[in-house]
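Structural overview
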Amino acid sequence: MTSAAEPAVERVPRVEMRDIRVAYGGVHAVDGVTIDLYPGEVVGLVGGNGAGKSTLVKALSGAHPPDSGQILMDGRPVTIGNPREAKALGIETIYQTLALAENVDAAANMFLGRELMTRFGSLDDSAMEDATRKVMKRLNPKFKRFKSPVAYLSGGQRQSVAIARAVHFNAHVLIMDEPTAALGPAETAQVTDLIAQLKSEGIGILLISHDIHDVFDLADRISVMLTGKLVGTVKKQDVSMDEVLAMIIMGKLLNEVTQKELAGLH
Amino acid sequence: MAEASTTAPDLVGEGGAREGGTRSLRSVVTATEIDFRLIGLFAALVIIWVTFHVMSDGTFLTPRNLWNLSVQTATVAIMATGMVLVIVSRNIDLSVGSMLGLIGVAIALIQAEILPPIIGFDNPLTWMIALGAGVALGAFLGAFQGFIVAYVGVPAFLVTLGGLLVWRGAAWALNSGQTVAPMDSTFQLLGGGARGSVGEIVSWIIGGLACLGILALLINNRRQRRKFGFPLRPTWVDAGLGVIGSVVVLGAIWVANSYFWPEGLARQYAADNGIEWPVGGLQIPTGIANPVLLAIGVAIVMTLIATRRRFGRYVFAIGGNPEAAELGGINTRWTILKAFMVMGVLVGIAAAVSTARLNAATSGLGTLSELYVIAAAVIGGTSLAGGIGTIPGAVLGALVMQSLQSGMVLIGVDAPLQDIVVGIVLVAAVALDTIYRRRLA
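In what follows, the accompanying structure is described. (Residues numbered from 1 in each chain as written. Chains lettered and ligands numbered in written order. Predicted model: local features only at pLDDT ≥ 70, side-chain atom pairs only at ≥ 80, totals over all residues. Heavy atoms only, no water.)

**What to know about the overall build of chain B**
Across its full length, chain B carries 18 helices and zero strands. Dimensions of chain B, computed from C-alpha atoms along their principal axes, come out at roughly 75 × 60 × 50 Å. Looking at chain B as a whole, 47% of its 441 residues qualify as buried. Pairs at least 24 apart in sequence give 79% of the contacts found in chain B among residues at least 6 apart. One finds the centroid of the 25 positive side-chain charges in chain B at a distance of 12 Å from the centroid of its 22 negative side-chain charges. (Helix = DSSP H or I, 4+ residues; strand = E, 2+ residues; numbered from the N terminus. Buried < 20%, exposed > 50% of the residue type's maximum accessible area, 1.4 Å probe, protein only. Contact = heavy atoms within 4.5 Å. Lys, Arg positive; Asp, Glu negative; His and termini not counted. Charge placed at Lys NZ, Arg CZ, Asp CG, Glu CD.)

**Focus on the interface of chain A and chain B**
Listed by partner, the interface residues are 38 residues for chain A and 34 residues for chain B. A buried area of about 3200 Å², summed over both sides, lies between chain A and chain B, and 53% of it is on carbon and sulfur atoms. Inspection of the region where chain A meets chain B yields three salt bridges. The residue Arg-308 of chain B makes a salt bridge to Asp-125 of chain A at a minimum N-O spacing of 3.0 Å. (Buried area = accessible area lost by both parts, 1.4 Å probe. Salt bridge = Lys/Arg side-chain N within 4 Å of Asp/Glu carboxyl O.)

**Quick notes on the pairing of strand E8 (residues 204–208) of chain A**
All names here are of chain A. Across the five residues of E8, five count as buried, placing the element largely inside the fold. A two-sided burial pattern is seen for E8, the buried positions comprising Gly-204, Leu-206 and Ile-208 on one face and Ile-205 and Leu-207 on the other. Sheet analysis places strand E3 (residues 42–46) next to E8, joined by four bridges and oriented parallel. When the bridges of E8 are listed, Val-42 appears paired with Ile-205. As paired strands, strand E7 (residues 173–177) and E8 are joined by five bridges and run parallel to one another. Its bridge partner being in E8, Val-173 is matched across the sheet by Gly-204. This β-α-β element, E7 to helix H6 (residues 185–200) to E8, shows right-handed connectivity. (Pairing = 2+ DSSP bridges. Right-handed = clockwise from strand over helix to strand, strands pointing away.)

**Remarks on the sheet that holds strand E1 (residues 15–24) of chain A**
All names here are of chain A. Overall, antiparallel pairing links the four strands, which are arranged E2-E1-E4-E5 in an open sheet. This sheet does not close on itself; its edge strands, each paired only once, are strand E2 (27–37) and strand E5 (76–78). The average undirected angle you get between the axes of adjacent strands in this sheet is 30 degrees. Sheet analysis places E1 next to strand E4 (residues 68–73), joined by five bridges and oriented antiparallel. (Axes fitted to C-alpha atoms, helices over the stretch in contact; angles between N-to-C directions.)

**Topic: the layout of surface pockets**
All names here are of chain B. Taken as a whole, the second largest pocket encloses approximately 540 Å³ of empty space. In terms of lining, the second largest pocket is formed by 20 residues, of which the most central are Gln-72, Thr-75, Val-76, Arg-357 and Gln-402. For the lining of the second largest pocket, the secondary structure elements donating two or more residues are helix H4 (63–88), helix H15 (332–358), helix H16 (369–379) and helix H17 (391–410). The element contributing the most residues to the lining of the second largest pocket is H4, with five residues. Classifying every residue of the lining of the second largest pocket gives 11 nonpolar, eight polar and one charged. (1 Å grid on protein atoms, 1.4 Å probe; cavity = no way out; pocket = protein on both sides within 12 Å on 5 of 7 lines; lining within 4 Å. Points joined across faces, edges and corners; volume = space filled by probe spheres on them. Nonpolar A, V, L, I, M, F, W, Y, C, P; charged D, E, K, R; others polar.)

**Focus: empty space enclosed by the protein**
Applying the stated criterion to the full structure yields two cavities of 30 Å³ or more. Taken together, 13 residues make up the lining of the largest cavity; nearest its centre are Lys-87, Glu-92, Thr-93 and Tyr-95 of chain A together with Leu-327 of chain B. Elements that contribute at least two residues to the lining of the largest cavity include exactly helix H2 (83–88) and strand E6 (91–94) of chain A together with helix H14 (322–327) of chain B. In this structure, the second largest cavity occupies an estimated 30 Å³ of space. If you go around the second largest cavity, the residues you meet are Val-15, Met-17, Ile-35, Asp-36, Leu-37, Leu-60 and Leu-206 of chain A. For the lining of the second largest cavity, the elements supplying multiple residues, two or more each, are E1 and E2 of chain A.

Pasting the structure below:
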């Protein structure tokens, strides 16, 4: 393991995924990958198209359980068979597709699967709208369209609904799959601020992105994947952007790559 | 969608509608927060009624005709409320007509042949056992089809197309195609008729309770909004909604109470109760028919299920985005199975009403009614693409369909032409709805 060198204190990772394997019809989408994530840390997961990033995090979010391998939370082995089980463990996911039900409003989406109920066993829509307004005040104060189906919202507004859903339920681990891909500069800055804030609250964040600049801005460590395998995990301050690019493209670690090859990237 | 959001990102207020032109009307409608299409449906109904009234030389808008219309609408309305949930979940149920036939024959056999040797004819328990058996059988058949759709993964269109054939065949096989009659005398009251109605006083009491209910809903809505500090609807809007709702309810009760028992029945009633036959005849107000009351009750319960329960919320979420629903932690398969089961229960209730009204069951009962049920749901604003639909809309849709049919019968339109008109109206209604929705997006 390349990432074991957390300094001095023996901390237990919030999440550890060991030797995860996922195959789709004979293709090893994820082939024996081991990564970990500490509380209050942002780990960037990078790699080209088809590197297996999304498949790896689907194993953690419960969307597609792994064929083999082990997942530990705070040192204890857990099984995650579906999204409900992941959420019960405090693992929240913001999907690249956002995974919103287009035909219902922001509050209904935020509480989807975890609705607030009244004493009489009916949906407490007012309480859910109230909670949504409060979360939105923090995440996106301009958000006003609480009664509209999310289909009628802009990209940024939809993104805030997806983020609100993930952060409202006291997540321990937050998986963000390309969180800024659909956003403009102002909205991206907003997400950046949010990540910093969530990090300071002790949440572990797994950030998937193919934008190397994003990852360098936000991540503490960077795990690089190539064709289903983990190339390596490095600390941000130990590497340059070029070196990470080399890992992404050539699948080689720092000490394996020559200056000539690095120069060839440009 | 993309256009609207780029031109006015955060500026559009709640409710969203912000277009030029018919702004004043729009803003009034928006203030009520009622679905614009529901109002359109009401308008269509009024136009249909007035047109037929004029064309039939004033016989359409009479208590007698409207009362009959309400009874004729009941079975389709009951089933349409369930069809809304099935269609919203991106499925379809083509089997409801055949299932109605099968359940009808089954519950007729129970009360005409199975129960009498055991507990005797006209036992007070008979109607309850028959109705309960019908509902249970419906739940079972619906759940069975739902299981194949949700857990085996066969498309609902195919599963219920199979059901359409199988249940109809089973209905025939159950009694070799022979008609089963007569029904238990208490059971018959489920079907309506003069005796199967609640009468004048109970009708007014129900009307009064309904008005109180409307008032309570409006007050509760305001209280909830105030409690959480959400924007309140203008007082005049709430007051107007209350008045309009109450007028419609009390008007309907008045119409039902203006329809009197047929003279033959009234004479018999007078003779049975030792009342001397008065000079002008005995006028006994009929009141709301039992099946209509049943349909209203079903519509209220189904509205609560669709809008106030987790199950309903999940059905809509699945219709909006099945993948998101699954990722959100919803047990989508179980939810879809339940939607089909609810549909089956409603078919069971409708089968009881149909057999009671006919006082017999034939294996052909309910033939083609799946089409009327689906049409009612769709005319009522349910999108076949899933995710969109309302229960009150489906009930209104059923009323529109039935009004068209009864009206054409009343003015003597030939049967083939009736079908042509109904078919055209169905397609036109959906076309209008599609255009409206596209403009909204």
